[in-house]
Amino acid sequence: MTGTVHTSALRGRAEIDLGALRGNVRALRARLAPGAGLMAVVKSDAYGHGALPCARAALDAGALWLGTATPHEALALRDAGIRAPILCWLWTPGDPWREGIEAGLDMSVSAMWALREVTRAAREAGRTARIQLKADTGLGRNGCQPADWPELVAAARAAEVAGTVRVTGLWSHFACADEPGHPSTAAQLDVFHELVAYAEKAGIEPEVRHIANSPAALTLPESHFDLVRTGIALYGISPSSELGSSAEFGLRPVMTLTASVALVKRVPEGHGVSYGHRYRTPAETTLGLIPLGYADGVPRHASGKGPVLVGGEVRRVAGRIAMDQFVVDLGTGPDADAVREGAPAVLFGPGDRGEPTAADWAEAADTIAYEIVTRIGPRVPRVYVDGADGQEEGVGGDGRGAGR
Ligand SMILES: *Cc1c(COP(=O)(O)O)cnc(C)c1O
């Protein structure tokens, strides 16, 4: 991640509002079915927001668990001193099972190969591994097929009896929870109930059973069980506009992506703009150069479409987004004339000061808002602020000034 930077004169910055993140955790907890806790999913550097500061803020606001994809992400949180339970679920042969055991991670097991690797590592470490068995209840991605579940459960139970593992969780993941009323969701819940009952009958006593992601946490209380695993909602973004807006769920977007206008210049009518001349000025006009590009995660697919608030108005990207920069046509109105080099250009934020949102950029790039925030690259410094008091807390991805 980015190291120390100067907060003044930033080419571009992603402001991360940890107060908003804590508020989102509280809003989500208020929706949980009785007895359910919240796992803050902080994989992929907390969807681009910075894993460590976001993990700490989420725990402060009452999250009980953290979730990551890779073991390396989970080990980095432990190395930074986080002691809360952490589940990591994306394992590949040869991954650091032993380090995971020694760090007290909860490690997901979807198949016999993984159970073999983790039991071997547990014998070598002389310690019991905490594992969670993952079922594929219909997603068709990771997880153990129902047909293979009896073999995995029996082997895991035998490993419990031998003392190499303790099965702390039984879990699964939805395919279409963001599509209201999709029949696969109820079908997956039925299968999950059956597979949990099967494992419990075989003698497994999980601490937690869980299947809900953000959309299910927001709309399906019957899916909450002991834990919900929320990612995108923590960051204040609605999982899908079909389900409702952030505001309707009481969520506030955490990331604001801003750049400083790098150049303002007058050009004549008919001037081609950026690679391929996909935009030509319809009249004499003023162009503004925004010093962020696809290397920073600004999606090239949003060329000609991405919205930017600059000079008091939302403008569209003119022509192609390049690796490091793109152009907006400021026009010739009085607002445009007032734009000078160094003026702020807001690509997205919470949306309540007239700026576009990550959801708007997702629409422009024909993708989902998850991808918009997660892809903001390491060249863009994260600047941690706290909306509660407007204080700047620190800069960079190393977690300094993250609230405690
Ligand atoms: C990413 C992920 C989540 C979080 O999903 P959101 O839709 O962002 O809440 C939960 N569980 C698993 C297994 C995931 O990979």
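What comes next is a walk through the structure. (Residues numbered from 1 in each chain as written. Predicted model: local features only at pLDDT ≥ 70, side-chain atom pairs only at ≥ 80, totals over all residues. Heavy atoms only, no water.)

## Considering the packing of aromatic side chains
Which entries qualify depends on this criterion: Here a pair means two rings of Phe, Tyr or Trp (six-membered ring of Trp) with centres within 6.5 Å. Their orientation is stacked below 30 degrees between planes, edge-to-face above 60, and tilted elsewhere. Going along the chain from the N terminus, every DSSP run of H or I of four or more residues is numbered as a helix, and every run of E of two or more is numbered as a strand. Residue burial is assigned from relative accessible area. The probe radius is 1.4 Å, only protein chains are included, and a residue is buried under 20% of its type maximum, exposed over 50%, and partly exposed in between.
Inspection of the entire model under this criterion finds six aromatic pairs. With 6.2 Å between their ring centres and 70 degrees between their planes, tryptophan 97 and tryptophan 113 make a pair best called edge-to-face. Of the two residues, tryptophan 97 is situated in helix H5 (residues 97–102) and tryptophan 113 in helix H6 (residues 112–125); the sequence distance between them amounts to 16 residues. Residue tryptophan 113 is classed as partly exposed on the basis of its relative accessible area of 28%. By way of ring pairs, the aromatic residues Tyr47, Tyr235 and Tyr370 are connected into one cluster.

## A closer look at the pairing of strand S8 (residues 208–212)
Test applied: For two strands to pair, DSSP has to find at least two bridges joining them. For the handedness criterion, the strands are oriented away from the viewer, and a crossover whose path from the first strand over the helix to the second runs clockwise is classed as right-handed.
Across the five residues that make up S8, a large majority, four, are buried. In this structure, strand S7 (residues 165–171) lies alongside S8, joined through three bridges in parallel fashion. Directly across from leucine 170, in S8, lies its bridge partner arginine 209. Sheet analysis places S8 next to strand S9 (residues 227–230), joined by two bridges and oriented parallel. By the bridge assignment, histidine 210 is partnered in S9 with leucine 227. A crossover connection joins S8 to the parallel S9 through helix H9 (residues 214–219); in handedness this β-α-β unit is right-handed.

## Details of unusual backbone geometry
With a phi close to 55 degrees, alanine 46 is a non-glycine residue in the positive phi region. Within the secondary structure layout, alanine 46 lies in helix H2 (residues 43–48). Positive phi, close to 65 degrees, is recorded for serine 274, a residue that is not glycine. Looking at the secondary structure, you find serine 274 in the loop between strand S12 (272–273) and strand S13 (279–280). For serine 274, a relative accessible area of 27% corresponds to the partly exposed category.

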